[in-house]
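Topology and contacts: notes
If you want the building blocks of each chain, they are given just below.
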Number of protein chains: 2
Amino acid sequence: MQLESFFPYRLAVAAEAFSRQLIEVYGRTYGLKREEWRLIFLLARAQRIDSLELGRRTTLDKVQVSRAAARLEEKGLITKTTPDNDRRLRVYGITAEGQALFNEILPQVEARASEILKSMSAEDRAALDQGLEALKRAVEGRRRSRGKG
Amino acid sequence: MQLESFFPYRLAVAAEAFSRQLIEVYGRTYGLKREEWRLIFLLARAQRIDSLELGRRTTLDKVQVSRAAARLEEKGLITKTTPDNDRRLRVYGITAEGQALFNEILPQVEARASEILKSMSAEDRAALDQGLEALKRAVEGRRRSRGKG
DNA sequence: CCATAATCATTGCAAATGCAATGATATATC
DNA sequence: GATATATCATTGCATTTGCAATGATTATGG
C-alpha cells in the first residue's frame, strides 16, 4: 500500500486543500477562524440558536462553541444571552454587524468554492456529490457502533 | 444557503469523521499522531527518505516534519542522519521496531477504513473515488494560480 | 423541600501548533 | 577565496487546542 494512493489519505489531503482555499478568504481577509465562520454561517440564517441546537447542527464540541462564541461576541458579531427558562443554556444571536460581515463574505467564499468545483466536469461533480453523501452515511453508521464523534 | 448542505462543509465533516475513525486506531491504541503516522507510513515502504523528498511526498511542512521526526526518533521508531554531500538535509530511516509497529498497525487501520467503505455500495465507492480524484486535480489547479499549500 | 445526581457552559493547564527568528550549510558573486 | 545570498532544519514564543476540573443550574428521589 502506497501512502499517496491510500484512500483515507487522499480524502484528508483533498479536504484540507479545499478547506485552506476557503480559509484564505474568510480567514486571511476577515480574521475569522473556521469555528467562528461556522457559527456565523448558522446564525446568519437562523438568527437565533440555543447551545443545544448548535451542538446538533455542527460538529463543534461545547468547548469550541464556547470559545468561538466568546471571540465573536468580543468582536461584536454575535450576541449571547442566558434564557430564563433554563439558565444552563445560552442563546446566540447575530448582530447587524455580524450579518453584514456574513453578507460580504459569503459570496466570496462561494465564489472560491465554485471556482474549484466548476473546473471539474459535471460528471465528476455529480460523482463526488453522490460519493460524499454515501460516505457520510457510512461514517455515521460506524460512529453509532463505535461511539464518539 | 444552508450550512449542512454547503459542499465544502460536507466535505470537511465527512473527511474529519473518517479521519477520526483511523486516529482512534493508530492514535488511541498506539499513541501516534497523524503526522507521525504519515511519516511511518512513507518510511515503512521506502525505508529511507531524505527531507526534500519527504516534503514532496506529503503535505506536511518542514516544521511538522521536524517535530514528528523528533518524536519518532525519541520513541526509537525511526532514525535520522545528516548526509555528507549536503549537511543541510536529513535522511530518515525506519528502525526494525518502527517497521514492526507499522506492520502491526496497518492491517488494523486498513480494516477500519474498509469497514466503512465496505458499507457503501460498489457504485457509491466508485463515484467517491472518481469524484475525489477529480477534486484533487481541481484543487491542485487552483493552488497553482493562488499561492501556497 | 433537601440532598444527590445530572446536564450545561466555562476555565485551567499541559500539550500542540503556526509563524517568525535563528542556526547551519551550501551556492553564487566579486 | 572572502562575502553575500540562498536553502535547509530547528527553535522560541505567543496562540490555540484538548481534556479534565470546576461552576452554575436543573432534574430526581426520598
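Residues numbered from 1 in each chain as written. Chains lettered and ligands numbered in written order. Predicted model: local features only at pLDDT ≥ 70, side-chain atom pairs only at ≥ 80, totals over all residues.

**Some thoughts on the overall build of chain A**
Helix and strand counts for chain A stand at six helices and three strands. For chain A, the C-alpha atoms occupy an extent of roughly 55 × 40 × 25 Å along the three principal directions. Taken over 149 residues, chain A has a buried fraction of 30%. (Helix = DSSP H or I, 4+ residues; strand = E, 2+ residues; numbered from the N terminus. Buried ≥ 20, exposed ≤ 12 C-beta atoms within 10 Å, placed from the backbone.)

**Notes on the pairing of strand β3 (residues 91-94) of chain B**
Residues and elements named next belong to chain B. Only one face of β3 is buried: it carries Y92 and I94, and the other face, with V91 and G93, is open. Looking at chain direction, strand β1 (residues 48-50) and β3 are connected through three bridges and run antiparallel. The partner of D50 across the bridge, within β3, is V91. Bridge analysis of strand β2 (residues 78-81) against β3 gives four bridges, and the strand direction is antiparallel. If you follow K80 over to β3, its bridge partner there is Y92. (Pairing = 2+ DSSP bridges.)

**Focus on the protein's contact with DNA strand D**
Taken together, 15 residues are adjacent to DNA strand D, and R87 of chain A together with S51, K62, S66 and R88 of chain B come closest. Elements with a contribution of two residues or more to the surface near DNA strand D: α4 (62-74) of chain A together with α3 (51-57) and α4 (62-74) of chain B. When residues in the surface near DNA strand D are grouped by element, the largest group, four residues, is from α4 of chain B. Across the surface near DNA strand D, the residue classes break down as five nonpolar, three polar and seven charged. (Near = placed C-beta within 6 Å. Nonpolar A, V, L, I, M, F, W, Y, C, P; charged D, E, K, R; others polar.)

**A few points about the protein's contact with DNA strand C**
Among the 15 residues in the neighbourhood of DNA strand C, the closest are listed as S51, K62, S66 and R88 of chain A together with R87 of chain B. Elements supplying a minimum of two residues to the surface near DNA strand C: α3 (51-57) and α4 of chain A together with α4 of chain B. For the surface near DNA strand C, the element with the highest residue contribution is α4 of chain A, accounting for four residues.

**Structural notes on the domain arrangement of chain A**
Annotation of chain A at the domain level lists domain 1 (3-118) and domain 2 (121-149). Placing the centre of domain 1 of chain A and that of domain 2 of chain A at their C-alpha centroids yields a distance of 21 Å. (Domains from an automatic or database assignment.)

**Examining the relation of the copies chain B and chain A**
At an RMSD of 0.0 Å, chain B and chain A line up after a rotation of 180 degrees and a shift of 0.0 Å along the axis. The superposition of one copy onto the other is thereby described by a two-fold rotation axis. Residue A127 of chain B, judged by its C-alpha, is the member of chain B lying nearest the rotation axis, at 2.3 Å. A high fraction, 100%, of the interface residues of chain B reappear at the interface in chain A, so the copies pair face to face through one surface. (Least-squares fit on C-alpha atoms with pLDDT ≥ 70 in both. Contact = placed C-beta atoms within 7 Å.)

**A word on the sheet that holds β1 of chain B**
Residues and elements named next belong to chain B. Spatial ordering of the open sheet is given by β1-β3-β2, a layout of three strands whose pairing is antiparallel. The strands lining the two open edges of the sheet, one partner per strand, are β1 and β2. Geometrically, the sheet is characterised by an average inter-axis angle of 20 degrees between neighbouring strands, direction not taken into account. Contacts from α4 reach β2 and β3 within the one sheet, and its direction differs from that of β2 by about 120 degrees. (Axes fitted to C-alpha atoms, helices over the stretch in contact; angles between N-to-C directions.)

**What to know about the interface of chain B and chain A**
Listed by partner, the interface residues are 47 residues for chain B and 47 residues for chain A. Residue assignment for the side of chain B that touches chain A shows that the elements contributing at least two residues are α1 (7-29), α2 (34-46), α5 (96-118) and α6 (122-145) of chain B. Classifying every residue of the side of chain B that touches chain A gives 26 nonpolar, 10 polar and 11 charged.

**Some remarks on the packing of helix α1 (residues 7-29) of chain A against helix α5 (residues 96-118) of chain A**
Residue and element names in this part refer to chain A. One way to put it is that α1 packs onto α5 with a least axis distance of 9 Å and a crossing angle of 150 degrees. Considered as vectors, α1 and α5 are oriented roughly antiparallel to each other. Remark: the crossing between α1 and α5 carries right-handed chirality. Taking contact as the criterion, the partners of F18, Q21, L22, V25 and Y26 in α1 are, on α5, I105, Q108, V109, R112, A113 and I116. A class-by-class count of the residues in the contact of α1 with α5 yields eight nonpolar, two polar and one charged. (Parallel < 35°, antiparallel > 145°, perpendicular 65-115°, else oblique. Left-handed = near helix turned anticlockwise from the far one by under 90°.)

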